[in-house]
Amino acid sequence: MKKRPAGFLCLLWFMVVGDFSGAGFRSAEALILTGRVRELALENPGTDTLYFAKPAAIGHDDENLYILDSIDSEIRVFSKSGAFRYATGKKGQGPAEFDGPNDFSLYGGKIYVSDAGNRRIQILDRKGKYLGGFKVTSFPMKVLALDENAVVVSHLPAALPGDAAKEENLVRCFTPDGNYVWEAVRSLRDGDPVFDTMQNRHVLKACSGGFYFLRMCNDPWIRCLDRRGNISRTVRVDKKYGWKTLSVPAQKGKKLTLSGLFWDCDVSGGFLYLLVPEFSESGDLIAGRRLAVLSDDGSLVGWLDLPVRVNKISIDGGRIYVIDTDYRLRIFLAEEK
Amino acid sequence: MKKNIVLAAAMALLFTAVVLIPASLLAGAVPECEQERQKCRTDVLGNEEGWLRTMLMLSICDIAWGKCVLRI
């Protein structure tokens with residue numbers, strides 16, 4: 001792929017996010033070269049609503065910030081400056097009730113919730129009113145609404161211990177009333193169910209004309225799939241990106257390697273933000289505090305350093321919404337030079 | 001002759017009890033074990049623990065699945 005000059009990338013960055021209201025920076029270059037952020041003071045910082053029992057997903061639309069808690073089985077909605085607005089959902093099996101929800105997607109005024117424990121996808125309006133949904137055969141892992149008529153649902157490999165090696169597709173597309181449309185993305189298979197679960201962890205993110213499928217480790221390829229499930233583009237993560245390699249025990253005394261790409265990621269303004277995992281003192285790979293910014297051709301554009309380790313990120317131009325490792329909502333702004 | 005018939009009937013009953021009934025129970029219970037395993041794995045992956053610790057907990061899900069199947 002043809003390499004773009006750095007100046008062009010900076011200009012592109014400025015065009016995309018440089019005029020972002022409230023972001024507080026003037027140029028792309030400043031954002032990329034300083035690599036620093038400052039924390040936004042939240043309204044009512046002492047309130048319990050900013051803390052979560054088990055935050056599973058975070059996302060935003062033009063007006064609000066949404067955080068899904070899988071233990072409280074609710075979605076808390078905040079203003080973009082962090083003021084709590086309302087919460088919706090409760091534990092249960094009925095409409096607009098959840099059991100261990102683990103992901104959501106925002107599209108066209110609707111929230112698509114992966115209601116894992118009830119093995120279904122629920123569709124709600126932004127206030128939490130039940131609009132519909134459908135059952136899925138295996139526990140959903142991620143959900144992404146591609147458009148009004150297509151909902152992509154992914155899951156983990158279902159292979160049981162002792163099963164013969166078999167690959168399976170990890171992503172399935174359904175209509176909003178639950179009709180199966182297509183499936184795609186073969187699982188990586190090494191024969192060890194635990195290792196295979198780890199190396200097939202992934203995220204789904206919307207991209208132009210479809211969605212990205214990114215594995216958290218052992219896969220340097222970022223795949224963009226179209227709305228029919230065909231791979232429309234594949235780019236390799238920049239070799240300059242610092243992979244974190246972990247040697248892990250596997251079945252029959254073997255040692256296998258997990259090459260960690262990211263802890264969480266998001267797409268904003270045509271750029272991919274990877275939350276880089278870091279090593280703990282005990283040698284485990286844990287949530288990190290550094291964001292790598294990649295352009296859509298996979299090349300590394302720059303870094304952003306957060307003052308705390310974070311589990312979840314949602315990027316909104318120069319504004320960075322995070323859930324830190326204390327399960328607390330925090331908001332950072334990319335700092336001016 | 002009568003003794004043979006009674007013996008054959010007893011054998012048939014024993015065969016049903018030992019082989020067929022557990023098989024039918026297994027058919028119903030294994031999907032339950034699988035479901036529990038999937039739920040366990042989903043919970044573990046949502047815990048945001050380090051990767052080594054996560055693998056350990058995933059192994060525990062598999063051990064629990066094995067116990068669930070063998071208990072039948």
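In what follows, the accompanying structure is described. This one's a predicted model, so the numbers in the text were calculated from it and none came from an experiment. (Residues numbered from 1 in each chain as written. Chains lettered and ligands numbered in written order. Predicted model: local features only at pLDDT ≥ 70, side-chain atom pairs only at ≥ 80, totals over all residues. Heavy atoms only, no water.)

Brief notes about the nonpolar core
Note the threshold: To form a nonpolar core, buried Ala, Val, Leu, Ile, Met, Phe, Trp, Tyr and Cys residues must be joined to one another through side-chain atoms within 4.5 Å. Buried residues are those whose accessible area, probed at 1.4 Å on protein chains only, stays under 20% of the maximum for their type, while exposed residues exceed 50% and partly exposed ones sit between those limits. Working rule for contacts: check all heavy atoms of both residues, and any pair within 4.5 Å makes them a contact.
In terms of nonpolar packing, the biggest core is built from 55 residues, with Tyr241, Leu258, Leu274 and Leu294 of chain A together with Trp51 of chain B touching the most fellow members. Every residue in contact with leucine 274 of chain A, bar those within four places of it in the chain, is listed here: Tyr241, Leu261, Phe262, Asp264, Cys265, Arg290, Leu291, Ala292 and Leu294 of chain A.

Considerations on the packing of aromatic side chains
All names here are of chain A. To keep things clear, this is the line we draw: When the centres of two rings from Phe, Tyr and Trp lie within 6.5 Å, Trp using its six-membered ring, the rings pair. Their planes under 30 degrees apart give stacked, over 60 give edge-to-face, and anything left gives tilted. The helix and strand labels rest on DSSP assignments: H or I over at least four residues marks a helix, E over at least two residues marks a strand, and numbering proceeds from the N terminus. The rule is short: NZ of Lys or CZ of Arg within 6 Å of the ring centre and within 35 degrees of the ring normal puts a charge over the ring.
Under the definition given, this model contains eight aromatic pairs over all chains. On the numbers, 6.4 Å between centres and 75° between planes, the contact of phenylalanine 174 with tyrosine 180 is edge-to-face. A relative accessible area of 9% means that phenylalanine 174 is categorised as buried. Seen in terms of ring centroids, tyrosine 241 and tryptophan 303 are 6.2 Å apart; in terms of plane orientation they differ by 20°. Their pairing is stacked. Separated by 62 residues along the polypeptide, tyrosine 241 in the loop between β19 (231–236) and β20 (244–249) and tryptophan 303 in strand β25 (residues 300–305) bring together distant segments of the chain. On the basis of relative accessible area, tryptophan 303 is assigned to the partly exposed category, the value being 24%. Site record: aromatic cluster; members linked through ring pairs are Phe52, Phe78 and Phe84. Over the ring of tryptophan 221 we find arginine 236; its NZ or CZ atom is 5.4 Å from the centre of that ring. Here the basic side chain of arginine 290 rests over the ring of tryptophan 303, its NZ or CZ set 4.4 Å away from the ring centre.

A word on the interface of chain B and chain A
For the record, the criterion: Buried area counts how much accessible surface, traced with a 1.4 Å probe, disappears from two parts once they are put together, with both parts' losses summed. For this analysis, a salt bridge means a side-chain nitrogen from Lys or Arg found within 4 Å of a carboxyl oxygen belonging to Asp or Glu. By the criterion applied in these results, polar contacts are pairs of N or O atoms within 3.5 Å in which, for protein atoms, one can donate a hydrogen and the other can accept it, and in which residues neighboring in sequence qualify only through two side-chain atoms.
Facing the 23 residues of chain B at the interface are 38 residues of chain A. For the pair chain B and chain A, the summed buried surface comes to about 2,600 Å²; carbon and sulfur atoms form 63% of the total. The largest contributions to the chain B side of the interface with chain A come from Glu48, Trp51 and Met55 of chain B, which together make up 32% of the buried area. On inspection of chain B and its partner chain A, the count reaches one salt bridge. Notably, a salt bridge pairs glutamate 48 of chain B with lysine 312 of chain A, separated by 2.9 Å at the nearest N-O pair. At the junction of chain B and chain A, the tally comes to 13 residue pairs in polar contact (both at pLDDT 80 or more).

Digging into the sheet that holds strand β17 (residues 210–215) of chain A
All names here are of chain A. For clarity, the threshold we go by: What makes two strands pair is DSSP finding at least two bridges between them. Lines fitted to C-alpha atoms define the axes here, with helix axes fitted over just the stretch in contact, and angles between the N-to-C directions of these axes take values from 0 to 180 degrees.
Strand order in the open sheet made by the four strands is β16-β17-β18-β19, with antiparallel pairing throughout. The open sheet has two edge strands with one neighbour each: β16 (202–207) and β19. Ignoring strand direction, the axes of neighbouring strands in this sheet form an average angle of 20°. Sheet topology note: the β17/strand β18 (residues 221–226) ladder contains four bridges and is antiparallel.

Brief notes about helix α2 (residues 51–70) of chain B
Residue and element names in this part refer to chain B. Cut-off, in case you're wondering: What a helix should span is 1.5 Å times the count of its residues minus one. Each C-beta atom gives one direction from the helix axis, and the arc is the one those directions make.
Between its first and last C-alpha atoms α2 spans 29 Å; for 20 residues at 1.5 Å apiece the expected length is 28 Å, and the two agree. Considered for burial, the residues of α2 that qualify are Trp51, Thr54, Met55, Leu58, Cys61, Asp62, Trp65, Gly66, Cys68 and Val69. Each buried residue of α2 lies within a common arc of 160° when the element is viewed along its axis, so the set occupies one face. Residues of α2 that are exposed and angled more than 90 degrees away from the buried face: Leu56, Ile63, Lys67 and Leu70.

A short note on the state of the cysteines
All names here are of chain A. Operational definition: Here, a disulfide means two cysteine sulfur atoms that sit within 2.5 Å of each other.
This structure, assessed with the given rule, holds three disulfides over all chains. Residue pairing for cysteine 207: its cysteine sulfur links by disulfide to cysteine 224, the two sulfurs lying 2.3 Å apart. Judged by the sign of its S-S torsion, about 65°, the cystine formed by cysteine 207 and cysteine 224 is right-handed. Highlighted residues: cysteine 207 in strand β16 and cysteine 224 in strand β18, separated in sequence by 17 residues. Sequence-ordered numbering of the bonded cysteines in chain B gives a pairing of 1-4, 2-3. The closest cysteine sulfur to the non-disulfide-bonded cysteine 173 is located on cysteine 207, 14 Å from its own sulfur. Free cysteine: cysteine 265, not disulfide-bonded; nearest cysteine sulfur from cysteine 207 at 12 Å.

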